[in-house]
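Topology and contacts: notes
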Amino acid sequence: GQAKRRVVLVMPAAYDAGAGDEDAWAQLAEDVYEELGAGASAFILLDMTRNGSPAVYASSSILDLFGCESEDILGRPWTAMCGDSTDMDDRRALEAAMYSTEECSRCLVCPTKSGEFFWNHVYLEPGARLGLQYTCLSCVDVTHLVEARGDTGANMDVVEEASRIQALQMSTVKTVLSILQGLVRNEQDHEQQGQIQGQTISGEDDGERQQREVQEHDFAEAMSSVKAALTNNSFEDLRRILLDTDDAIFASMEMRASFSLVIHDNGVERQVCVNQGNALHYAICRSAFSAALALLICCPELIGMECHWGEEVLESDVENEAPSRRLRSFNAVQLANRYGEFFEGSNTDLSQLYFSMASIMQYYTKVVQHLNAVGREPLRNRLEEEATTGETLLVELMQLTAYQITRDQEAEELIYPVPPPIPYPSSRHE
């Protein structure tokens, strides 16, 4: 038969009509329908290489499920489907799986566009195991199964139906990823590879091209591993990754993640969004302090890099005014201080940890210089020791930072001594 047209490896997003090759996703839709017919479950595709891992494709059935338009999903993170009632532990489990090679399923409470809530069974599989940059999520409304769980007479039917739904989702996701892999890696269209943007570089021979592709693959794997370690708040995994390969350090610097969260500020809920965040920003926002220290020691340049912070601000001088958005650029020190301020009234311990992290980062260069001057063991060596835990490292750096702050204060008092108090005038006349 006629060879299928090769699709660019960096496949154009369905929401970006100017990206070229606009019918690539239409080809995917046709192939999925040809394989599964109308019985495919609703699904979306996330591009894990783009800022914030946005949805780049949404099946028509997913729009029906959420009662929304394509612009409500495309170009946005998958969490746009979630609501305030969505369990955070389930969300984190799904996020961790997205940056791994493991399948994952969870049942989430999600809102439709009209505000009605339903139980959404999400099954996902990362395309990384197939060399793809996409993660596929399948969604099915299982509200009827959740509500029937208490009916003992219907338990067997519930189990059977749940198994059927999961099998359908697995079939849909695996089929979608398989079709994508065929579109992207179709060797029958190999002749067009040199014309595809980003696939070849003028003047490259086969050996140079292969070497570059290996380097790009290793870098992408390092990026995925760093994100997964941070999502899981795993100091051990991140330490191993950073010490084993330079790619992980570069990936931490090049990482451009977007994430949002709700913060309670003096009894008021604020929606906060961080864009263009590197690995250290991500660690701070997830309260992954030990992981942040591993990044700090291996790549101190991260401290000065800025992310874009946006928070909803209520106009206090106008009653019932819609929230406006305040945009700022924050480095890691400012970001940690901002979180410390947010939690100051509601969680004193967490607030103090954020302030301590801000101080550690602010004085980190001076702490390193002091350790070198007195011949102490470098922090990199401490990180390499298997016995060193994230908690012990945090305590040590807090102590070293406190010592440095005290030294700076004492030095400042020597340079600018506090003048003696002026004597109080005597009431007696000499």
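The structure contained in this document is the topic of the report that follows. (Residues numbered from 1 in each chain as written. Predicted model: local features only at pLDDT ≥ 70, side-chain atom pairs only at ≥ 80, totals over all residues. Heavy atoms only, no water.)

Some words on the overall build of the protein chain
Using the following cut-off: Going along the chain from the N terminus, every DSSP run of H or I of four or more residues is numbered as a helix, and every run of E of two or more is numbered as a strand. Each residue is placed in one exposure class: buried if its accessible area under a 1.4 Å probe, protein chains only, is under 20% of its type's maximum, exposed if it is over 50%, and partly exposed if it falls in between. The accessible surface values rely on the Shrake-Rupley method and a 1.4 Å probe; as for residues, cover is taken only from the protein chains in view.
On a plain count of helices and strands, the protein chain comes out with 15 helices and 9 strands. A buried classification covers 44% of the 430 residues belonging to the protein chain. Split by element, the accessible area of the protein chain, about 23000 Å² in all, is 48% carbon and sulfur.

Some remarks on the pattern of salt bridges
The cut-off we apply is this: Just to be clear on terms, a salt bridge is a Lys or Arg side-chain nitrogen sitting within 4 Å of an Asp or Glu carboxyl oxygen.
Here the structure, examined in full by the defined rule, presents 14 salt bridges. Of the charged contacts, one joins Asp 89 and Arg 92 as a salt bridge, the two residues approaching to 3.4 Å between their closest N and O atoms. Pair noted here: Asp 89 and Arg 92 are both in helix H3 (residues 88-98), with a separation of 3 residues, about one helical turn. Exposure remark for Asp 89: the relative accessible area of 54% places this residue in the exposed category. Arg 92 gets classed as partly exposed once you look at its relative accessible area, which sits at 36%. For Asp 237, the salt bridge is made with Arg 240, and the minimal N-O distance between the two is 3.8 Å. On the criterion of helical spacing, the pair formed by Asp 237 and Arg 240 is a turn pair, its members being 3 residues apart in helix H7 (residues 235-244).

Notes on the packing of aromatic side chains
The condition is simple: Two rings from Phe, Tyr or Trp (for Trp, the six-membered ring) form a pair when their centres sit within 6.5 Å of each other. Planes less than 30 degrees apart are called stacked, planes more than 60 degrees apart edge-to-face, and all others tilted. Only Lys NZ and Arg CZ are tested; either one counts as a charge over a ring when it is within 6 Å of the ring centre and within 35 degrees of the ring normal.
Counted under the stated rule, the structure contains 6 aromatic pairs. Plain terms: the ring middles of Phe 343 and Tyr 354 are 6.0 Å apart, the flat faces sit at 5° to each other, and that makes the pair stacked. Here the residue Phe 343 occupies a position in the loop between helix H11 (332-342) and helix H12 (348-362), and Tyr 354 occupies one in helix H12, the gap between them amounting to 11 residues. Chaining the aromatic ring pairs together yields one cluster made of Phe 289, Tyr 339, Phe 343 and Tyr 354. Between Arg 338 and the ring centre of Phe 342, over which it is positioned, the NZ or CZ distance is 4.5 Å.

A short note on the side chain of Thr 172
In plain terms, the rule: Contact definition: two residues touch when any of their heavy atoms are within 4.5 Å.
Topologically, Thr 172 is positioned in helix H5 (residues 155-184). Note on Thr 172: relative accessible area 1%, which makes it buried. Beyond its immediate chain neighbours, meaning those up to four positions away, Thr 172 contacts Leu 36, Ala 40, Ser 41 and Phe 43.

So, the sheet that holds strand S1 (residues 42-47)
Applied cut-off: In short, DSSP must find at least two bridges between two strands for them to pair. Axis lines are fitted to C-alpha atoms, over the contacting stretch for helices. Their N-to-C directions set the angle, which ranges from 0 to 180 degrees.
As summarised here, the arrangement of the 5 strands in space is S2-S1-S5-S4-S3, forming an open sheet in which the pairing is antiparallel. If you trace the sheet from one side to the other, it starts and ends with strand S2 (55-58) and strand S3 (104-111), each paired once. Between one strand axis and the next, the sheet turns through 30° on average, direction left out of account. Note: S3 against strand S4 (residues 117-126), 8 bridges, orientation antiparallel. Each bridged residue has a counterpart across the sheet, and for Ser 105 the counterpart in S4 is Tyr 123. Along the sheet face, H3 touches S1, S3, S4 and strand S5 (134-141) and points at about 130° away from the line of S3.

Re the packing of helix H6 (residues 206-231) against H7
Applicable threshold: In these notes the angle categories are as follows: under 35 degrees is roughly parallel, over 145 is roughly antiparallel, 65 to 115 is roughly perpendicular, and the rest is oblique. Helix crossings are classified by the rotation of the near helix relative to the far one: an anticlockwise turn of less than a right angle makes the crossing left-handed, while a clockwise turn makes it right-handed. Note on residue classes: Ala, Val, Leu, Ile, Met, Phe, Trp, Tyr, Cys and Pro are nonpolar, Asp, Glu, Lys and Arg are charged, and everything else, Gly too, is polar.
Running from amino to carboxyl end, H6 crosses H7 at an angle of 160°, the nearest separation of the two axes being 8 Å. The angle between the axes of H6 and H7 places the two elements in the roughly antiparallel class. For the pair H6 and H7, the crossing hand works out as left-handed. Contacts between H6 and H7 pair Ser 225, Val 226, Ala 229 and Leu 230 from the former with Asp 237, Leu 238 and Ile 241 from the latter. The class makeup of the residues in the contact of H6 with H7 is 5 nonpolar, 1 polar and 1 charged.

Just distances and angles here, no functional claims.
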